[in-house]
Amino acid sequence: MGLEDYRRNVSETKHASILKAGREVFLRDGFARAAVAEIARDADVSTATLYKHFASKEELFAAIIMDAVTRVEDISDQEGSDETFADLLLTIGRTYLANQFEHRANDLMRIVIGESSANPGLAAETLRVLTGRRRQRLVTLFDRLVERGIMKPNDTDLSAQLISGMIKELFVWPALFDSSFALPPDTDEKLRAIIQVFLARYEA
Amino acid sequence: MGLENYRRSVSEAKHASILKAGRDVFLRDGYSRAAVSDIARDANVSTATLYKHFRSKEELFDAVLQEAYEADESDSIAEGADTEDLIVAYCMRVLQSQYERRVHALLRIIIAEVPKAPQRARHLYENFVTPRHVASAQALERLVALGKLKPHDTYYGACFLGGVMKEYLVWPALFDASMTLPDNAEAIVRQAVRAYLELYGA
């Protein structure tokens, strides 16, 4: 391993530990009260190094949100398998909920919403990361499913919003107001009920 | 008008101005930072009078939410010929009322309270937010009873309509305090209602 590689490696490690420390401090203190100096200390780097990785506190927070919602999310990988449409939707739903709950995306979202009047830029960026990118992936997937004759031809922007809206309505909306809200034991059944409604309308 | 009536009307006027001042201060400062003394001053009453009307800041905030969520007469689904138009009109009334009464800003205040006062936030959610979903399901149930919709689990029916409307018109408003009801709101709602009726229309 050359010096170049070694340096890159160190830099990546630092990047990851800043993300991790930032996440913990933000979840504990909220956005406004979180201190960059403290994050740097917890990550064992200087504030100068922190700012080399993330130009601002906002940028760091956006990176943390991105990290939380993209850990297990590559739904396009699943499309090629032999899963039925119903199973594919179930996998997508479970993956999405795992991100929201296990990776504490709900808690991060709550912080941003609570502070959106004070910090509109951060809120706009978060919304873009949370919904824009995800939705685009789902629309792309649905477009391919229409092409392959698995889904009826439809306005895929609407159908993507519909399925994610229904899932949010049942699981994420209540969690926004209740930090102790956990996924109920019958989550899979509820997901299946939503998927049945969706399939009745969209399955080819 | 007797003295009794006069007193009552003064008291009602004070009640209303405390509510209005409370709403403005909560919207400006959030819940924790809102000062009861500010609210009393803006309402032009003493803090003693304020506490005669509302025993605590909590109770005042409850009343502000109550007012914001209060259903007006037109809140039910009216009878009429075209089911699609009926449901679209119902959804639009709910949305317009939410935007006019700044319900999203009040929701943001509740959400901000969750980490500090979880029980309080849950109380607000259960008493003000959940009943809205129940009311929508009941409105759909009435359309089923009128034979305008196929019998179906209206809890999931309300989820279908509520979810898609929130996705386009409520979630973004939670993140963007300056968002107003977009011009194409009715077109979005109509599209969602059509998809819904393809499933459940009688």
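Residue positions are given per chain, counted from 1 along the sequence in the order it is written. Each chain gets a letter, beginning with A, and each ligand a number, beginning with 1, in the order they are written. Per-residue local features are limited, in this predicted model, to residues with pLDDT of at least 70; the limit for side-chain atom pairs, both in listing and counting, is 80 or more; totals at the level of whole chains, interfaces and linings are taken over all residues.

Digging into the overall build of chain A
Here's step 1: Summing up its helical and strand segments, chain A has nine helices and zero strands in all.
Here's step 2: Helices and strands appear in chain A in the N-to-C order α-α-α-α-α-α-α-α-α.
Here's step 3: Taken over the C-alpha atoms alone, chain A extends approximately 55 × 45 × 30 Å along its principal axes.
Here's step 4: Across the 204 residues that make up chain A, the buried fraction comes to 35%. A helix here means a DSSP run of H or I that spans at least four residues, while a strand means a run of E at least two residues long, and both kinds are numbered starting from the N terminus. Three exposure classes are used. Buried residues have 20 or more other C-beta atoms within 10 Å of their own C-beta, exposed residues have 12 or fewer, and partly exposed residues fall in between, all C-beta atoms being placed from the backbone.

Comments concerning the overall build of chain B
Here's step 1: The number of helices and strands found in chain B is nine helices and zero strands.
Here's step 2: Helices and strands appear in chain B in the N-to-C order α-α-α-α-α-α-α-α-α.
Here's step 3: Its C-alpha atoms give chain B principal-axis dimensions of about 60 × 45 × 30 Å.
Here's step 4: Buried residues in chain B amount to 35% of all 202 residues.
Here's step 5: For chain B, restricting intrachain contacts to residue pairs at least 6 apart in sequence, the fraction spanning at least 24 positions comes to 63%. Any pair of residues counts as being in contact when their C-beta atoms, constructed from backbone geometry, are within 7 Å of one another.

So, the domain arrangement of chain A
Interfaces are often sized by the amount of accessible area the parts lose when they come together.
All names here are of chain A.
Here's step 1: Just so you know, the domain bounds were taken from an automatic or database domain assignment. Domain annotation of chain A identifies domain 1 (3-54) and domain 2 (66-202).
Here's step 2: One C-alpha centre belongs to domain 1, the other to domain 2; they are set 29 Å apart.
Here's step 3: At the junction of the two partners, domain 1 supplies six residues and domain 2 supplies eight residues.
Here's step 4: Grouping the constituent residues of the side of domain 1 that touches domain 2 by class yields five nonpolar, one polar and no charged. Each residue is assigned to one of three groups, with Ala, Val, Leu, Ile, Met, Phe, Trp, Tyr, Cys and Pro labelled nonpolar, Asp, Glu, Lys and Arg labelled charged, and all others, Gly among them, labelled polar.

Thoughts on the interface of chain A and chain B
Here's step 1: Facing the 31 residues of chain A at the interface are 30 residues of chain B.
Here's step 2: Elements with a minimum of two residues in the side of chain A that touches chain B: helix H6 (105-114), helix H7 (120-147), helix H8 (156-177) and helix H9 (187-202) of chain A.
Here's step 3: With eleven residues, H8(A) is the single largest residue contributor to the side of chain A that touches chain B.
Here's step 4: Classifying every residue of the side of chain A that touches chain B by side-chain character gives 16 nonpolar, ten polar and five charged.

Some details on the packing of helix H7 (residues 118-145) of chain B against helix H8 (residues 154-175) of chain B
Residues and elements named next belong to chain B.
Here's step 1: Every angle, taken between N-to-C directions, lies between 0 and 180 degrees, and every axis is a line fitted to C-alpha atoms, over only the stretch in contact when it is a helix. Orientation of H7 relative to H8, taken along the N-to-C sense of each, is 115°, at an axis distance of 8 Å. The angle between H7 and H8 falls in the class roughly perpendicular. Crossing geometry of H7 relative to H8 is assigned as right-handed. For the pair H7 and H8, contact is made by His-133, Ser-136, Ala-137, Leu-140, Glu-141 and Val-144 and by Thr-154, Tyr-155, Gly-157, Ala-158 and Gly-162, respectively.
Here's step 2: Residues that form the contact of H7 with H8 fall into these classes: five nonpolar, five polar and one charged. For classification purposes, an angle smaller than 35 degrees is called roughly parallel, one larger than 145 roughly antiparallel, one from 65 to 115 roughly perpendicular, and anything else oblique. Note on convention: the crossing is left-handed when the near helix lies turned anticlockwise from the far helix by less than a right angle, right-handed when the turn is clockwise.

Notes on the environment of B:Arg23
Residues and elements named next belong to chain B.
Here's step 1: Position of Arg-23 among the secondary structure elements: in helix H1 (residues 3-33).
Here's step 2: Judged by the 22 C-beta atoms lying within 10 Å of it, Arg-23 is buried.
Here's step 3: Placed 140 residues apart in sequence, Arg-23 and Gly-163 show a C-alpha to C-alpha distance of 28 Å.

Looking at the domain arrangement of chain B
All names here are of chain B.
Here's step 1: If you check the domain split of chain B, you get domain 1 (3-63) and domain 2 (71-200).
Here's step 2: Taking only C-alpha atoms into account, the centre of domain 1 sits 29 Å from that of domain 2.
Here's step 3: Counting residues at the interface gives six residues for domain 1 and seven residues for domain 2.
Here's step 4: Top element by residues in the side of domain 1 that touches domain 2 is H1. It accounts for five residues.
Here's step 5: Of the residues belonging to the side of domain 1 that touches domain 2, the class tally is three nonpolar, two polar and one charged.

Quick look at the environment of A:Ser179
Here's step 1: For A:Ser179, the position within the fold is in the loop between H8 and H9.
Here's step 2: Linking A:Ser179 and A:Asn106, residues 73 residues apart in sequence, is a C-alpha distance of 8.4 Å.

What about H7(A)?
Residue and element names in this part refer to chain A.
Here's step 1: The span one expects for a helix is its residue count, reduced by one, times 1.5 Å. Look at H7: 39 Å from first C-alpha to last across 28 residues, which is about the 40 Å you get at 1.5 Å a residue.
Here's step 2: The axis of H7 is deflected most strongly, by about 30°, at Arg-128.
Here's step 3: Listing the buried residues of H7 in full gives Leu-122, Ala-123, Thr-126, Leu-127, Leu-130, Leu-138, Phe-142 and Leu-145.
Here's step 4: Just beyond H7, the residue with positive phi is Gly-149, at close to 75°. We define the bend at each residue as the angle formed by axes fitted to the 7 residues ending at it and the 7 residues starting at it.

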